[in-house]
Amino acid sequence: MAYFRIIFKEDNKLWRKYFTFAYRFVIGDNEDVKFPENYTLQSSDVLKIQAINHQGDVVKDISFFKKEKISPFQRTKSHILVREDIFQEELFKDLKGITFLTVVPDGNFPYKYKMLSFTNVLDCVDRQHSIRKQFDFFSKLVLDTSKIPEGLNGFYLSNWNQFGYYTCIVDEKLKEALLQLAELPKFLDFAEL
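Bear in mind the structure is a predicted one, so any value in this text is a computation, not a measurement. (Residues numbered from 1 in each chain as written. Predicted model: local features only at pLDDT ≥ 70, side-chain atom pairs only at ≥ 80, totals over all residues. Heavy atoms only, no water.)

Student: When you look at the overall build of the protein in this model, what are you seeing that I'm missing?
Tutor: Helix and strand counts for the protein come out as three helices and 15 strands. Here the protein holds 193 residues, and 47% of them are scored as buried. If you take every contact in the protein between residues at least 6 apart in sequence, the share linking residues at least 24 apart comes to 67%. Within the structure as shown, the protein displays about 10,700 Å² of accessible surface, and the carbon and sulfur contribution to it stands at 47%. (Helix = DSSP H or I, 4+ residues; strand = E, 2+ residues; numbered from the N terminus. Buried < 20%, exposed > 50% of the residue type's maximum accessible area, 1.4 Å probe, protein only. Contact = heavy atoms within 4.5 Å. Areas by Shrake-Rupley, 256 points an atom, 1.4 Å probe, with all protein chains shown as cover.)

Quick look at the structure:
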């Protein structure tokens, strides 16, 4: 079974068309919700993200943005968000270990997002064969596949990212399902492990 890390493309030509969101989640007055490590979704909770301008200020109305649009894909920490109008739930119905949570932009915006979330957090780094360097592109991540439950299509990898974020790992089936979403190849890459 092949496994892949999800990597957001950072091409400035692509991203300058879109406004961005702060690199955090918000619930009520709590503006730095740790997800998934310290967060359990309650049915009444509304998970939000905040749009920011070029100065880093929170903006609560899409009318502020004259040239930029709301992007089809977004990243918040290590989580991938898919705009609701291009999300296709049927692509993911038979996959195991994943769920999609609704994330609402805080304020007046036309679309919500669906966040790809995993139900499993695994520490399955093969420490003998992996190489962790200060800069990620010099690193070599190798998984110990004996620690991955059979049939699991995606999970959060713990104890790899030096900043404490989880790394999103997907198998071939989940990768192929994601690639069927409109425009995804312009925004995301998959690095085989």
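From this point, things continue past the structure.
Student: Would you take a moment to explain the packing of aromatic side chains for this structure?
Tutor: Note on aromatic pairs: each is described by the distance of the centres and the angle between the planes. Enumeration over the complete set of coordinates arrives at 16 aromatic pairs. Judged by centre distance (6.2 Å) and plane angle (65°), the rings of Y3 and F155 are edge-to-face. Note that Y3 is positioned in strand β1 (residues 3–8) and F155 in strand β13 (residues 154–157), a separation of 152 residues in sequence. For Y3, a relative accessible area of 10% gives the class buried. Judged by its relative accessible area of 0%, F155 falls in the buried class. Three or more aromatic residues joined by ring pairs form one cluster here, namely F19, F21, F64, F65, F109 and Y113. (Phe/Tyr/Trp six-rings, centres within 6.5 Å; stacked < 30°, edge-to-face > 60°.)

Student: Before we go on, may I ask you to explain the side chain of H79 in this structure?
Tutor: If you trace the backbone, H79 turns up in strand β9 (residues 79–83). Here Y156 takes part through its side chain, which lies 3.2 Å from a polar atom of the side chain of H79. (Polar contact = N/O pair within 3.5 Å; in protein donor to acceptor, adjacent residues only side chain to side chain.)

Student: For this particular structure, what's the right way to read the sheet that holds β1?
Tutor: In a beta sheet, neighbouring strands pair by backbone hydrogen bonds and run either parallel or antiparallel. The sheet built from five strands is open, its strands ordered β12-β13-β14-β1-β15 with mixed pairing. Looking at which strands have only one partner, the edges of the open sheet turn out to be β12 (121–122) and β15 (188–192). Strand direction decides the pairing type here: β13 and strand β14 (residues 167–171), joined by four bridges, are antiparallel. Counted as the bridge partner of Y156 is C168 from β14. Docked against the sheet, helix α2 (residues 172–179) engages β1, β13, β14 and β15, running at close to 95° with respect to β14. (Pairing = 2+ DSSP bridges. Axes fitted to C-alpha atoms, helices over the stretch in contact; angles between N-to-C directions.)

Student: Whenever I open this one, the sheet that holds strand β7 (residues 58–59) confuses me. Can you help?
Tutor: Spatially, three strands are ordered β2-β6-β7 in an open sheet, and the strand pairing comes out antiparallel. On the outer flanks of this sheet lie β2 (20–21) and β7, each paired with one strand and no other. Two strands pair when backbone bridges link them, and β2 and strand β6 (residues 51–52) are joined in this way by two bridges, in the antiparallel orientation. Following the sheet pairing, T20 is matched in β6 by I52.

Remember that the coordinates give geometry; whether it matters functionally is a separate question.
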